[in-house]
Amino acid sequence: AASVAGRAAASAPAPPRNYEGDGWEYPRYDLATLNRNEKAYFDYMCDLMTFFHKPDEPYPPTKVFTREELLLLTPKVVRDWMAMKTFGKLDYGPGDKSLGARYHTLGYMKKAVSWFMPNKRPGWCDGRGNPTKSDAVNKIIADVKLKES
């Protein structure tokens, strides 16, 4: 799979400003102002959304996702994306070995996706909140950590 990071950055359209009065806006992909970690966050977010939407071409880091698109992400989507990145399949078991992402990488992926979420502070409860702060996502990270020990 080609890395989104290798693609040339185009000018991103302006993200929504102060949507619903809560101050959330999708971050701008601006190479001049983003630090190294924040640039990598865009790659992970676009990879997740490419997994979720399954477009013909992977999303570039300049793609601006709407609040509505991000609110459709669930713990299952994030967990399945991590399983594919780690095991190459959605359903893994005790005998499966990590073929890709490692424990620390999964933690970084979780942090990167959380950075974009409109409801990033609350944990996942009753279908709302930040899907990266769910039991399903934390379980796959713990499972991989256990396999690595």
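Residues numbered from 1 in each chain as written. Predicted model: local features only at pLDDT ≥ 70, side-chain atom pairs only at ≥ 80, totals over all residues. Heavy atoms only, no water.

Caption draft 1: Main features of the confidence of the model for the protein. Scored by pLDDT, the protein has a mean of 85; 85% of the residues are at 70 or more. Confidence drops under a pLDDT of 50 for residues 1-19, and excluding neighbours within four residues, the segment shows 33 contacts in the predicted structure. (pLDDT = per-residue confidence, 0-100. Contact = heavy atoms within 4.5 Å.)

Caption draft 2: Inspection of the pattern of salt bridges at higher detail. All chains considered together, the criterion is met by six salt bridges. A salt bridge links Lys-85 to Asp-47; the nearest nitrogen and oxygen atoms lie 3.0 Å apart. With Lys-85 in helix α3 (residues 75-87) and Asp-47 in helix α1 (residues 36-53), this residue pair connects regions lying 38 residues apart in the sequence. Glu-148 is the partner of Arg-102 in a salt bridge, and the nearest nitrogen-oxygen pair spans 3.2 Å. Highlighted residues: Arg-102 in the loop between α3 and α4 (103-116) and Glu-148 in helix α5 (residues 135-148), separated in sequence by 46 residues. Here Arg-102 falls in the partly exposed class, since its relative accessible area comes to 43%. Of the residues examined, Glu-148 reaches a relative accessible area of 30% and is grouped as partly exposed. The network of salt bridges with common partners includes Lys-76, Arg-79 and Asp-80. (Salt bridge = Lys/Arg side-chain N within 4 Å of Asp/Glu carboxyl O. Helix = DSSP H or I, 4+ residues; strand = E, 2+ residues; numbered from the N terminus. Buried < 20%, exposed > 50% of the residue type's maximum accessible area, 1.4 Å probe, protein only.)

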